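Chain by chain, the residues run as shown.
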Amino acid sequence: MTRRLLLRTAVVIGTLATVRGLLSLGDAAPPPGSGPQTRGRPPAGAPGSAPPDGYRPRPLDGETSRSGPGASPPHADVACTVPAGAGRIALTFDDGPDPRHTPEILEVLRRHGTPATFFVVGQSAVAFPDLLRSIADEGHAVGNHTWTHPQLTTLPPGRVRAELGRTGALIEEVLGTAPRLARAPYGDWDQASLDICDDLGMSAVGWSVDSRDWTRPGPESIADTVLDELRPGAIVLSHDGGGNRVETARALDRYLPRLLDGGFRPVRITP
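Scoring rules and cut-offs
- Residues numbered from 1 in each chain as written.
- Predicted model: local features only at pLDDT ≥ 70, side-chain atom pairs only at ≥ 80, totals over all residues.
- Heavy atoms only, no water.
- Core = buried A, V, L, I, M, F, W, Y, C linked by side-chain atoms within 4.5 Å.
- Buried < 20%, exposed > 50% of the residue type's maximum accessible area, 1.4 Å probe, protein only.
- Helix = DSSP H or I, 4+ residues; strand = E, 2+ residues; numbered from the N terminus.
- Contact = heavy atoms within 4.5 Å.
- Arc of directions from axis to C-beta.

Draft legend 1. Fine view of the nonpolar core. By size, the foremost hydrophobic cluster in this structure holds 31 residues, and its most contacted members are L91, F93, L109, F118, L252 and Y255. Mapped onto this core, the elements with two or more residues apiece are strand 1 (88–94), helix 2 (101–111), strand 2 (117–120), helix 4 (129–137), helix 5 (157–175), helix 7 (219–229) and helix 8 (246–261). Per-element tally for this core: the top contributor is helix 8, with 6 residues. In this structure, F93 is in contact with I105, L109, A116, T117, F118, F119, S238, H239, D240, T248 and L252, ignoring residues within four places of it in sequence. Grouped together as the second largest cluster of nonpolar side chains are 14 residues, V78, A184, L194 and A204 included.

See the structure below:
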């Protein structure tokens, strides 16, 4: 049985569990004034127009969690470093692809000849497959960040498998290669979700430096946080989606040349 068939079988099983769970909860009402919306796609507008400021694919809107977007990974088994030799570090970006902010970040990385790792949300990737291809075509690694960005430790195993399996199958369909890396939303893994991740052929990845760009403290503050906490072997958490990431792109343009001048060498994460 091929890997593609295994992935699609896992997606079907998980999706059935997801449907049963959703039916038990009933239909959620859309936000006031939002009008009809296709799950995972931006609100209607002019053809080719970018979604409005702060757009996050539903059900990320209004999500709640026991831990904030930049919480430290709680599970000791999740890798939070890369090999530290020669000053190697890893820059990572979550919650995209986003039609405005992902290209901004890609442009900064391209200008400085720097590879990175992008953990994509399936609902965003299915809406913007060309951006997903751009990430890979420019030499960056693509990882799995679930389909709808839920807290995996609150879900039954079937839902966890559906979230990871569906996104993995999409990435393989668009890029021709299944993802080998996964990051749980909020960094929140438990043993059951780690086992499912491993069963789907992916290695779980955490982080060791939280840029706290999700708090939008300003580009200088984000850059200072990264540079103050950066050590050889670090994995840096930032975001190219899930909200307004103008500050993230500007901060990257500030700290990236400085860390390169300081002898750090950004690399893609590999299992």
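Following the structure, the description resumes.
Draft legend 2. The arrangement of helix 7 in detail. Among all positions of helix 7, only P219, I222, A223, T225 and V226 are buried. Projected down its long axis, helix 7 carries its buried residues within an arc of 160°, all on one side. Of the residues in helix 7, the exposed ones pointing more than 90 degrees away from the buried face are E220 and D228. On its buried face, helix 7 sits against strand 6 (209–210), strand 7 (235–239) and helix 8.

Draft legend 3. Looking closely at unusual backbone geometry. Here the residue pair G96 and P97 is connected by a cis peptide bond, since its omega of 0° sits within 30 degrees of zero. For P97, the position within the fold is in the loop between strand 1 and helix 2. Residue H149 is not a glycine yet carries a positive backbone phi of 65°. With respect to the helices, strands and loops of the structure, H149 is situated in the loop between strand 3 (141–144) and helix 5. On the accessibility criterion, H149 (6% relative accessible area) is buried. In this model, R216 sits at a positive phi of 55°, which is unusual for a non-glycine residue. Mapped onto the elements, R216 comes out in the loop between strand 6 and helix 7.

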